[in-house]
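Fold and geometry: a report
Residues per chain, in single letters:
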Amino acid sequence: MILATTIATVLLIVGGAAALVRAVRGPSVADRMVAVDTLLHLGVGGIGVYIVRSGDTTYLPLMVVAVVIAFIGTIVVARYIEAETKR
Amino acid sequence: MSVADWIAAVFVVGGALAASLGGVGLLRFPDVFARMHASTKAATVGVIGVMIGTAIEAGGVAGALVVVLVVALLFISAPLGMSLLARAALYDPETPRPSRMAAVDLERSRRESTSARQKRGSPPMLALILLIAWIALFGSLRPNVIASGLVVSGVLALQLRALAPRWPEVLKHPIATAAFAWYFASQVIAGTLQVIRTMALPVDEIRPAVVEAPLRLRSRSEIMLLMNAISFSPGSVALEIRDDHLYVHVLTTDEPDEVIAKIGEMENRIAAAYGRPLEQASFESRN
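Definitions and limits used
- Residues numbered from 1 in each chain as written.
- Chains lettered and ligands numbered in written order.
- Predicted model: local features only at pLDDT ≥ 70, side-chain atom pairs only at ≥ 80, totals over all residues.
- Helix = DSSP H or I, 4+ residues; strand = E, 2+ residues; numbered from the N terminus.
- Rg over C-alpha atoms; globule rule 2.2 N^0.38 Å.
- Buried ≥ 20, exposed ≤ 12 C-beta atoms within 10 Å, placed from the backbone.
- Contact = placed C-beta atoms within 7 Å.
- Core = buried A, V, L, I, M, F, W, Y, C linked by C-beta atoms within 7 Å.
- Expected span 1.5 Å × (residues − 1).
- Nonpolar A, V, L, I, M, F, W, Y, C, P; charged D, E, K, R; others polar.

**Let's talk about the overall build of chain A**
Scanning chain A from N- to C-terminus turns up 3 helices and 0 strands. Its helices and strands in sequence order give chain A the pattern α-α-α, from N to C terminus. For 87 residues, the compact-globule estimate of 2.2 N^0.38 gives 12 Å, and chain A exceeds it by more than 25% at 15 Å. Each principal axis of the C-alpha atoms in chain A carries an extent, and together these give about 55 × 25 × 10 Å.

Here it is, written out as structure tokens:
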């Protein structure tokens, strides 16, 4: 299980790094938000891998919070883009 | 390691692989809508895979319940959030567009909700959903958790009566609903594999397009289900609804008609799950 979680952690870091590059490069606000949303979801996966590795379930509710924040963040940015377009 | 440990390990590694490929897809795909394919399919499905592994290892029913709540939230929020963001980006002049794009007819009105005023929602249904979420969040069936959950969900359901959903009509047609659930699950897997395959293509062979399709479903919950199914199924993300036209971004295609036919089939399956067969005419007349 240590080996499996190590592989999974490395994979998630690679995916997260790629998402981070996209978030920095853009070019549009929507691109950045897609990247940040994906990054948060990968973070949820990371918490899951940590739980599997350590057997420590303290951070379980944190996953719910992260998913909800990712959703609300996406909606807020979508509204922001719409408001900017209308002006 | 026990058998359960092995299964969990496979889900964790497989899910992490799909999720990381989703992240890489953000870099490789040519426009923002194509990147949403990578995000909603590969990344979300990958994370759900990791979550299944986590549920097995999370130390009993209590932990697994929290993970089930996370998976349910991911299934609803990821495609819905992306659809909203895609719709905003569609009108944003600063967002680069795919080269082949059906023009959105701005004369058509945005759809107003039709079902909300027809039938009243059921507060007990809302209370039940809130109670289940409360129990899942605490991951416990202790009497104090259930009692506090009953109070909170009861007060909220009475206060938010206007937002209460109706009892889901899909429950009346369990076989058609189960068939749709199976179809949905197979679409999710196929969609993820397709995104990963597309990622291996050279950049100039990825040919995204925006396709316009007729929309026959009427009620809000049916349309939301359709948007989610489209966003999870291979090669398509739902963008916008204008009147009875649906705009869909396709990851790579040379045959827009195939996409339209597939959406028509998806509508038929959803309508069957709701027990309201659709008339075929309006769809065929457009082909």
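**Structural notes on the overall build of chain B**
Regarding its fold elements, chain B presents 9 helices and 4 strands. Its helices and strands in sequence order give chain B the pattern α-α-α-β-α-α-α-β-α-β-β-α-α, from N to C terminus. Classification of the 287 residues of chain B by burial places 42% in the buried group. Contacts spanning at least 24 positions in sequence make up 76% of the contacts within chain B whose residues lie at least 6 apart.

**What about the nonpolar core?**
Core analysis: the largest hydrophobic core is formed by 101 residues, its most contacted members being Val12, Ala16, Val70, Leu85 and Val248 of chain B. Residue contacts for Ala16 of chain B: discarding those within four places in its chain leaves Ala8, Leu11, Leu12, Gly45 and Val49 of chain A together with Gly46 and Val50 of chain B.

**Focus: helix H2 (residues 32-57) of chain B**
Spanning 26 residues, H2 of chain B covers 36 Å between terminal C-alpha atoms, matching the ideal 38 Å at 1.5 Å per step. Burial analysis of H2 of chain B places 25 of its 26 residues in the buried class, the great majority of the element.

**Structural notes on the interface of chain B and chain A**
Between chain B and chain A, the residue contacts involve 50 residues of the former and 47 residues of the latter. Looking at the side of chain B that touches chain A element by element, the count peaks at 15 residues for helix H1 (residues 3-28) of chain B. When grouped by side-chain class, the residues that make up the side of chain B that touches chain A number 30 nonpolar, 15 polar and 5 charged.

By themselves, these observations are geometric and do not establish any function.
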